[in-house]
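Now for the letters of each chain:
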Amino acid sequence: MSSWLGGIGSGLGQSLGQVSGSLSSFTGQISNFTKDMLLEGVEEVGDAATELQVSNSKLAEVESAFGAQKSEVSLFTLLSFQVEISHLKARQSGLQEEVQKLQQSAQSASAGPAMLPVTTTSSSTTSSSASSFLSRHPGSHQGFHGEEMDLSDVIWSQQEINRLSTEVMRLESEVAHWRRMSQASTATGAGNGNHSEILKLQRTIKELRDEMSREVDEHQHELAALQDAQRQKLADVTRRHRQELAEYEERIEELEEQTQSGVGQPTSVSDTSKLHELHQTIQSLQEAAEQREKQLAELSANLEEAQKIQASLQLEKDDAQQENTGLLQNYTRLQASVAELQTRVQEQEGKALQKAQLDHEIQMLRNSLEAAEKEIERLKNLDEAEPKEEVEHADILELNTIIGALRQEKEDLEQEKLNLQERLKVAEEQLVSRNEAESDLESLDDLKAELGRREKTLRATEEERDTLMSELEELDQQNQEATQHMISVKEQLSGQLKEAETELKRMTAELNTSNDQKRALEQELETQKEKMSQSAFTLNELHMGKQQLERTVKELKDKLGHSQEQSRDARREVTELKKTLQEKEELLSAAKAKLYEGGERASEAQGANEALAEKERELSDLRRELDEMRRSHEKVMSEDYELKVENRRFKADNEQTLGKVEELTKQLKESQGVLNRVVREKDTRIEALKLEKYQLEGELTQAENKLKEQVKQYQQTIEELTRARSMDASALQTEHERAIKLNQEKDMEIAQLKRDMEQVAADHRDTNEMLSITVAGQQQLTDLLQEKDVFMDTLKQNAADLQTELDNKVSVFTKEVETLKQSLDEKDKQLGGMKEENSHLKEEIDRLRDQQSRPQPLAEPRTLDIITELETEITQLKSSRNALEEEVQTLRRTTEEQQASLLLSQQSLQAQQSEIEQARAHHQQTTLNYDRLIQARDEEITRLQQAVEQLSESQSRANSPSVQGEVILQEEKTQTLNQENGNEKHDLSKVDIERLVRGIKEKETEITQLNEKNLSLTRQLDQLVVSRDEVGKLSQMIMQKDLEIQALHARVSMGGGHSQDVMFLQQQLQAYAVEREQVIAVLNEKTRENSQLRSDYHRLMDIMAGKEAALLKLQQENQRLSNMSDPSGSQEMFKETIQNLSRIIREKDIEIDALTQKCQTLVTVLQSSGGEPGAGSGGVSSNQFEELLQERDTLKQQVKKMEEWKQQVITTVKNMQHESAQLHEELIKLQSQVSADSDCSSKLSVDYARLVQNYEQKERRLGSLSLELAQVQQTITQLSSTKDVLLGKLDSVTQTPEVTATQCSGSSLSTDAPSHQPDSAVKDEKMQQEVVQLKALLTEKENTIRTLQENNHRLSNSASASESEQRSQAEEARQVRERLEALQRSVREKDLLIKSKGDQLAQVSEALRNRENDNEVLKQAVTNLKERALILEMDVKKLKEENELVAARSREKESEFRALQETNMQVSLLLREKEFELSAMSEKAATVEKLLKDKEQGKSGELNQLLNEVKSMQDKAVAFQQERDQVMMALKQKQMETAALQSELQHVRDKEHRLNLELERLRNHLLEIEDSYTREALAAEDRETELRRKVALLDERLTTSSSAVESASQQASMQVESLQEQLIGVVKQRDDALAQLRTSQEQVNQYAVSLSNLQMVLEQFQQEEKAMYSAELEKHKKEKEEWKRKALKLEDQASALQINLDEANAALDSASRLTDQLDLKEEQIEELKKQVDVRQEMLEEAQRKLMNLLNSTEGKIDKVLMRNLFLGYFHTPKTKRADVLKLMGSVLGLNREDVEKMLEEDRGHGVTGWVSNWLGGRGAQSVPNTPQRPTSGQGLNSSFSEMFVKFLEMESTPSLPAPKLPVHDIKPLSAPPAGRTSSGTSSMAAGAPVSLKRVGDSNPFLAPRSAAVPLLAGSGSGGPGGHLLMKPISDTLPTFTPVPVSAEASGGAVLKDLLKQ
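Residues numbered from 1 in each chain as written. Predicted model: local features only at pLDDT ≥ 70, side-chain atom pairs only at ≥ 80, totals over all residues. Heavy atoms only, no water.

Undergrad: Describe in detail the packing of helix 25 (residues 1759-1771) against helix 26 (residues 1777-1788), supporting the description with residues and values.
TA: Packing of helix 25 against helix 26 leaves a shortest axis separation of 8 Å and a crossing angle of 160°. It follows from the interaxial angle that helix 25 and helix 26 lie roughly antiparallel. As helix 25 packs across helix 26, the resulting crossing turns out to be right-handed. Together, Leu1765, Tyr1769 and Phe1770 of helix 25 and Arg1777, Val1780, Leu1781 and Met1784 of helix 26 make up the contact between the two elements. Grouping the constituent residues of the contact of helix 25 with helix 26 by class yields 6 nonpolar, no polar and 1 charged. (Axes fitted to C-alpha atoms, helices over the stretch in contact; angles between N-to-C directions. Helix = DSSP H or I, 4+ residues; strand = E, 2+ residues; numbered from the N terminus. Parallel < 35°, antiparallel > 145°, perpendicular 65-115°, else oblique. Left-handed = near helix turned anticlockwise from the far one by under 90°. Contact = heavy atoms within 4.5 Å. Nonpolar A, V, L, I, M, F, W, Y, C, P; charged D, E, K, R; others polar.)

Now the structure itself:
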């Protein structure tokens, strides 16, 4: 508030200071006006019309000054209107709220039909009014900032006031309507309700109305103070104006008296006045003749010089025109660019001004709305204060009238502004055209003007000669007209004086009002300061009330203890369950504990508890999720136990990716730092370039100045050469030699300038190269920034998705919080009602104790205020029971008490409002904190869920290797897509991880901030908590009043409107809080605007100071240039001023002589008249007359001094005007140059910024390419390492099948050929399966190769794009070079122009020589003419001597004539003075007649003398004309050639003839004039008779005239004093001006010194910058070469990488395929190992059983078997019994050879040997190919059962298919692909005979030996695959039953039968 008021005060002070400055200038103008009027009156007594014009012009100036004062006064009125508008608007909003409240009360009270909502219309109207207010006036309003007031603002403010007043009236009608409705509703419910509630409401309404009326009165006082200040100001102005007008009136009266005295004489003595006028005309003619002679001589000299100069300047004009064409083109281009820039700047300034003005207007309207509210509140109290209303209406009417006048003035001002703008445009166009034309044709125009002036003067002399004759005739008529004109002029002057007096009165009144307004504003400032101090006290009271409320909050905390304990228990459970989030939970618990300890409000505490409950629910959900996660984690861990290797690999990859992410973040940070450094370097370079540019501009300007100086020197040389034409031959030779030397010096200077220009061009080239390099760098930087922007966009999208999820969750939580808030509000309302009842009871008891009412303290809490209201209600209820009289008395007392405590209650209400606002803000802050905590928890949950999903994904990958391969491919694809999109270096998962980490860090920082805030809040609460003794007392009193509360509950329940009243009061509190917030916001905005306006004002003042300094410099330079450039013009001006002064001095000398002669004659006449009878009285009058004459002489001397001073002032003013015109032209030129320079600098800055952006983009692209190359290299190295690993694995894997194959071949060496074919077939199938797998892997790898190729294509495209950008940069550099070449060409062209000028100089010198030769010829002709001119000059001298004699005689006659006039005057005066002496008068009349006769006799002689004088004057005129003709002839002869001289002479003779005719005409004219003079002499005699008649009348007027003379003398003394005061003021002003000049000169010197210092510093800085730029250029060139080399290297590397990629893809295919196979093989190996262990156990059991069997069956015979064999042998035919015996031998384990031998022996022995050899020899014969030697001992030693077991063992293998391993019984984690078999199965298949197809063909009893597996030996052919006996015994060992075998059946049939049985 203080800052706002200070801003208003400062603005008013500025405006008043401007008013005082304008008043001082106004007084200075008035003083100048009076001086000029006095001087002109002394000079030109007869010319009254010119005096009137001068006075009118001065009055117009005074009126313009008054208009300026008026505009300043209107500012104050506008401010008052804006304040009124803001009051009205605030009042409007208040009335709308009141309408709503009344509607609510009416609707709640009346349960009848619903009323129409009028508030909708009001709200719509307010919105429309607000919109109209916002859209109505977008114009410019400057407030205090600008000194001009826009009329549209005044009109708009009046419209706004009218609109708001209508709105207020409408709202008042609505208020009345709703008040009637509420009264009606309350009247209907009066029987049920309580009358005391209605009375209380009416009381509060009255209090509010009184408050509003008081505020309105305060605002009315403020408005009245403003109006008084305005009136005071206007009164001062009008008073000063009246004083000046009074002085003017006195001066005009004096002038009128002088005119009367001058006019009265010619009526009596017209003939004497005519003679006097003739003498004057003769003197003026003589002076004019002398002046013309001088002018002719000057003209002849000037024309000779001009003719010489014209020839030389013509050549220069041609050259200058050529240069000007180029300069004009440049100028037009620069002008266009300047115009564009100006339009842009104006648009931007207009937008900024509009924004600022709209904001300012909005704030001002708010203030005015508030004022309007208060005004409307006052108008509501019509019944209470009718006289006040009438006064206010009168004030409003006055304001309306003032506003109307201001509107008209504003419209006029706008019209004048438009006219001035149009004039300015026209003047600017004219100045532009003049600037274009002046540079071309200044010299020629000067010459032409000079010639025109000379010709005009010659014509003027001829015209004056003609007009003089006509004027002599018209003088008599003019004399008569002058008398009539003076009478009319006097009447006009009197009317104008009256008007001026009225105007001055009005102005003084307005000045008085403005001064009164100023005083009122100062008083208002003091009142505002007092209000500020009062507001500080109220703030202290609010703090005390807040402390008391906090005590009540502490009481409520006890009730909430249970809920807090529950929340703490929940928090303990949360901390136990969430051990992973311990740090976060500890911070939260600490924050919550501190919040609870801080003692927040009940609503906040419950909101916190609810938030805690929600947190506990979320934590229980988290616990459930964590339990589920643990269960799933245990399952996963059981599965992961088998996949630890896979997890380790994943972990290693994850660590690598994290390291890469960290490296990337580091790189990003480094790149950002590098970018910042580069940007700083670029900024410094830009500044350096700007400085260099300014230096270059300075050098260019210096060069231009040098060129200008050279041009001036050339002009001087040309002038010297032209002068040299009239010199002698020797002088010409010396001049010629000097000219040659000067030419040589100029050639040297031109060469030096060329060198300078070349150096400047080289510097320009360097700067352009630097700019191109910096532009390239900026392009790269811009590219990098664009890429970063793309990356940031992707991150923003992810963040937006997360934000939407968070918003959804927050909305759910906010809904729950709102429900809790509603419940809390209800509880608060209940508590508030109870507290109010309690307070009512307490106040009732206190009031009953002491009857006296004392005012409440300032720091009274809310409870006590409510208690007082309830006390009054209780007293009213008791009094209503007792009696009506007691009730009336109590009501009166309560009304008086409330009126006394109204201010205190309002203060307490404000304190409660502030507390409510603070509570709301605190509650919002706590809700925001809890929302942030909830968001942090949600983010943690999402992070845990993502971690779980990642774990589950890794498990699924581990379970399915084939899916894992697909996932790998998908990851590769996503990586490539990421590289395409944003050149990202990591997966989306990694980005999410980084984002989550960042979010967690931000949440941690937020938690720490919340902790700090909680600590600060607890500290504040601890500070606010004072003593709790009052709380204890209140609790005791509450306990005491509980009984009374119970008793009152019934009464309160009876009065149903109590809750409604409480609600209404709460709504009022809220409305007041809203209004207070609005007021505070308005005040803040005002302070901000004031600060902005101050900063803008200071900035503008600085700019103005700089501009003034620049103007001073420009003025000094222009003075110097004007002194240098135009010496001839100044000399001419000096000559003219000297001539004018000499003429004035002559005229004044003549007047002084005449006056002295008059004085002498008057003295003599008076002395002679004093010697006669009656001399005593005459002596007294003559002494007085002498004193008067002395005073008149002194006055005339002072007047002369003043006239001389005026002439000096006029000359100085003319000089200043001339200089100001030149300065204006120079200013315009400089402004155009500055605008052109600014345009160039802006273009350069734009180009530089664009180049910088391109350079940044290029650098970014190069960085991304380098990163991509690094990634490709890393991938290549990884691929090469994986290739090596996979190749090693492939070698190992290929070796294992070879080993198995060799084992198979080794084992099957002894097998037959059929066994080899099945092995090869199985191998072929396996190879086909592997080929199919390899093909699938190849397709996958081809896809990856394609993706990599696409990446390579993109890289190549980006490289090509970078190359294209480099090409574009090269093109830009080439364009810059072309520009440089164009500049160099222009420089060369200028050099050629300089050379051409040198050649032209040589030509000019040659032409001068030719002209000199011509001049010699002309000189001879001139000598002839001079001889003739000498003859003529002799005649002229004779005529001049005669003229001088005539002039002397005429002067003597004039002195005599004047003496006679003076005597005539004295005679008339003496006749008037001496009425009583008739005899003396008759004698004096006789003497007068004698004197007149003597005059008549003398007049005839004088007329003859005059005729002679006229003749002499005519002769002089003829001589002058002859001289003029001779001079003209000489000029024309110089211009023409020698051949035209004779024709010119003939022309001169014709002119002489014409002049003779003219002389004759003049003689005739003089004769006519003589006749007219004779007629006038006759008329004068007639007039003398009339004068004798009028003597009587003149005697009567003598008395009056004497009194008039005395008054005139007094006025003259007064004027002398005023003139002396003015002289003193003028001297002071002159001294001040001299002091200001000295200070300005000192400032100029200081500026010059600072400029020189700055230039030195700039030169040093530029040298340093040049060195730095050269180093930077070299560095950038090296970097560019390095980048090119790197690009070539990168291309080679890309090609090499393509080849490596192809190889790597192939290696990757095989590697992925082999890794899949290896994984499957490893899994199968592990399974087979388990199976091998199982089978090994089974084998051991089988071996144990077999050993037991062997031990048990050793030496035992199977009878059944032996019987079957025996019977079988005899049943078979004899031919095939050998086969049966062989079979039995094989069963018994005999070799074939032994069996065959036995059979051979059997064949030899016969049947008898069969039984003996049954077990031995026959068996041995039947079993061949045994590895043991055939010995009979072995066959006998081995038992039969043993042999049979072996037989069965042999028969078991070939009859069965190849053994299948039980791989299909145990399902793997993921089914292997088709065609893939385990290595175990293959080895087993290879180990066993694979003769599945041919089982049926082979004999089961003839199986090969190699197929049988020994029982005890572990080294079977199966290798590690297990033994045949690993199968169950029931499968491998069949049991046989005895079967009868036919003789025809084969061994196979027999075995089949056995098996069947």
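After presenting the structure, the write-up continues.
Undergrad: An account of the pattern of salt bridges is requested, with residue identities and associated values reported.
TA: Tallying each qualifying case throughout the model produces 44 salt bridges. A salt bridge links glutamate 215 to lysine 374; the nearest nitrogen and oxygen atoms lie 3.7 Å apart. Within this pair, whereas glutamate 215 is found in helix 5 (residues 195-268), its partner lysine 374 is found in helix 6 (residues 270-380), the two being separated by 159 residues in sequence. One salt bridge connects arginine 239 with aspartate 236, and the closest N-O pair in it is separated by 3.0 Å. Residue arginine 239 and its partner aspartate 236 are both found in helix 5; the two are separated by 3 residues, about one turn of the helix. A residue is classified by how much of its surface remains accessible, and aspartate 236, at 10% relative accessible area, is buried. Overlapping salt bridges, with partners in common, bring together Glu681, Arg685, Glu1672 and Lys1675 in one network. (Salt bridge = Lys/Arg side-chain N within 4 Å of Asp/Glu carboxyl O. Buried < 20%, exposed > 50% of the residue type's maximum accessible area, 1.4 Å probe, protein only.)

Undergrad: How would you explain a nonpolar patch on the surface if you had to name every residue and give the values?
TA: On the surface, Leu658, Ile993 and Val997 cluster together into a nonpolar patch covering about 220 Å² of accessible area. Along the polypeptide, isoleucine 993 turns up in helix 17 (residues 988-1024). With relative accessibility at 33%, the residue isoleucine 993 sits in the partly exposed group. (Patch = residues over 30% accessible without salt bridge, like charges linked within 9 Å, V, L, I, M, F, W, Y side chains within 5 Å. Areas by Shrake-Rupley, 256 points an atom, 1.4 Å probe, with all protein chains shown as cover.)

Undergrad: Help me get a handle on a negative patch on the surface, residues and values and all.
TA: Together, Glu247, Glu250, Glu253, Glu257, Glu1617 and Glu1621 give the surface a local cluster of negative charge. Going through the elements one at a time, helix 5 and helix 24 (1541-1753) are the ones with two or more residues in the negative patch. In terms of residue count, the dominant contributor to the negative patch is helix 5 (4 residues). Position of glutamate 250 relative to the elements: it lies in helix 5. (Lys, Arg positive; Asp, Glu negative; His and termini not counted. Charge placed at Lys NZ, Arg CZ, Asp CG, Glu CD.)

Undergrad: Describe the nonpolar core, naming the residues involved and giving the relevant values.
TA: By size, the foremost hydrophobic cluster in this structure holds 23 residues, and its most contacted members are Phe81, Leu88, Leu95, Val154 and Ile161. Elements with a minimum of two residues in this core: helix 2 (48-109), helix 4 (151-188), helix 6 and helix 7 (386-559). In this structure, leucine 95 is in contact with Val168, Leu171, Glu172, Val175, Ile376 and Lys380, ignoring residues within four places of it in sequence. Among the nonpolar cores identified, the runner-up in size contains 19 residues, and Leu1790, Phe1840, Met1843 and Phe1844 belong to it. (Core = buried A, V, L, I, M, F, W, Y, C linked by side-chain atoms within 4.5 Å.)

Undergrad: Can you lay out the packing of aromatic side chains for me, pointing to particular residues and giving the numbers?
TA: For any pair of aromatic rings, geometry is given as the distance between the ring centres together with the angle between the planes. All chains considered together, the criterion is met by 2 aromatic pairs. Residues phenylalanine 1766 and phenylalanine 1770 carry aromatic rings whose centres are separated by 4.7 Å and whose planes lie at 70° to one another, so their mutual orientation is edge-to-face. Here phenylalanine 1766 pairs with phenylalanine 1770, and both are found in helix 25, just 4 residues apart, close to one helical turn. A relative accessible area of 39% places phenylalanine 1766 in the partly exposed class. Judged by its relative accessible area of 39%, phenylalanine 1770 falls in the partly exposed class. Considering the side-chain rings of tyrosine 1769 and phenylalanine 1770, the 5.3 Å spacing of their centres and the 75° angle between planes classify their relative orientation as edge-to-face. A residue is classified by how much of its surface remains accessible, and tyrosine 1769, at 7% relative accessible area, is buried. Three or more aromatic residues link up through ring pairs in this structure, and these residues are Phe1766, Tyr1769 and Phe1770. Above the ring of tryptophan 1683, the side-chain terminus of lysine 1686 is found at 4.7 Å from the ring centroid. (Phe/Tyr/Trp six-rings, centres within 6.5 Å; stacked < 30°, edge-to-face > 60°. Lys NZ or Arg CZ within 6 Å of the ring centre and 35° of its normal.)

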